[in-house]
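What follows is each chain in one-letter form.
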Amino acid sequence: MDSQDKDSPAAEVVVAVGDCSAEDARAVLDLLERSFPAEARAGSAAQGGQAATVWSATLDAAKPAERKAAPVRLKDPVSVTLQGGPRAVERVQAALAGQFTVEDMGAVSGDQEMELGLRIRS
């Protein structure tokens, strides 16, 4: 069985979006949720109150959507952190790169997991 199967925790990617407006954060998370649909979502977008500075979601990145998500425009640059299995993180990064200009802000790799910082803009 491939370690990236749908039920594998290695396919889960935690996405944190910050340094942006609530509208831009929601646009990024909505795009990713459409790019990686799941029957039973591992998590859903969460945000704090009015002063929230980070929005997050957990995606099942085992199988990208068959169709490319509709284009999204951001008002300002957005910081995104991806954390999960290396192949799953690469899939989510590729989905973002298909829609936005992506700047790599650095990565930290562990034995089975990686964390990748990105700055994206329209």
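Located above this text is the structure these notes cover.
> Requested: an account of the overall build of the chain, with residues and values cited.
When helices and strands are counted, the chain shows 2 helices and 6 strands. In the chain, the succession of helices and strands from N to C terminus is β-α-β-β-β-α-β-β. By residue count, 39% of the 122 residues in the chain fall in the buried class. In the chain, the share of contacts with a sequence separation of at least 24, taken over all contacts with a separation of at least 6, comes to 71%.

> Give a detailed account of the nonpolar core, specifying residues and quantitative values.
A general feature of soluble globular proteins is that nonpolar side chains tend to end up buried together. Core analysis: the biggest nonpolar cluster contains 31 residues, and Val28, Val80 and Leu82 have the highest contact counts within it. Looking at this core, the elements that each hand over two or more residues are β1 (12-18), α1 (22-35), β3 (54-60), β4 (78-84), α2 (86-97) and β6 (114-121). Counting residues per element, this core draws most heavily on α1, which supplies 6 residues. In contact with Val28, other than residues within four places in its own chain, are Val17, Leu74, Val78, Val80, Leu96, Phe100 and Ile120.

> Outline unusual backbone geometry, listing residues and values.
Unlike most non-glycine residues, Asp19 shows phi in positive territory, near 55°. Residue position: Asp19 is located in the loop between β1 and α1.

> So, the environment of Ala70: which residues are in play, and what are the values?
Locating Ala70 in the fold gives a position in the loop between β3 and β4. Taking the relative accessible area as the measure of exposure, Ala70 reaches 46% and is therefore partly exposed. The spatial distance from the C-alpha of Ala70 to the C-alpha of Leu31 is 7.8 Å, given a sequence separation of 39 residues. Beyond its immediate stretch of four places on either side in the chain, Ala70 contacts Leu31, Arg34 and Gln99.

> Which residues make up the pattern of salt bridges, and what values go with them?
Tallied over the full model, the rule gives 3 salt bridges. The salt bridge involving Asp30 is made with Arg26; its shortest N-O contact spans 2.7 Å. In this pair, Asp30 and Arg26 both sit in helix α1, 4 residues apart, roughly one turn of the helix. You can call Arg26 partly exposed: its relative accessible area is 32%. Among the ionic pairs, Glu103 bridges to Arg121, the shortest N-O distance being 3.7 Å. With Glu103 in strand β5 (residues 101-109) and Arg121 in strand β6, the pair connects residues that are 18 residues apart, well separated along the chain. Judged by its relative accessible area of 37%, Glu103 falls in the partly exposed class. Through salt bridges with shared partners, a single network forms among Arg26, Asp30 and Glu33.

> Let's hear about the pairing of β3: which residues, and what values?
The buried fraction of β3 amounts to 5 of the 7 residues, a majority that puts the element mostly inside the structure. In this structure, β1 lies alongside β3, joined through 7 bridges in antiparallel fashion. Each residue of the ladder has a partner; that of Val17, found in β3, is Trp55.

> Summarise the side chain of Asp60; cite the residues concerned and give the values.
Take Asp60: it is sitting in strand β3. Within the structure, the side chain of Asp60 is placed 3.1 Å from the backbone nitrogen of Ala62, a separation counted as a polar contact.

Conventions adopted
- Residues numbered from 1 in each chain as written.
- Predicted model: local features only at pLDDT ≥ 70, side-chain atom pairs only at ≥ 80, totals over all residues.
- Heavy atoms only, no water.
- Helix = DSSP H or I, 4+ residues; strand = E, 2+ residues; numbered from the N terminus.
- Buried < 20%, exposed > 50% of the residue type's maximum accessible area, 1.4 Å probe, protein only.
- Contact = heavy atoms within 4.5 Å.
- Core = buried A, V, L, I, M, F, W, Y, C linked by side-chain atoms within 4.5 Å.
- Salt bridge = Lys/Arg side-chain N within 4 Å of Asp/Glu carboxyl O.
- Pairing = 2+ DSSP bridges.
- Polar contact = N/O pair within 3.5 Å; in protein donor to acceptor, adjacent residues only side chain to side chain.

Purely geometric stuff here, so don't read any function into it on its own.
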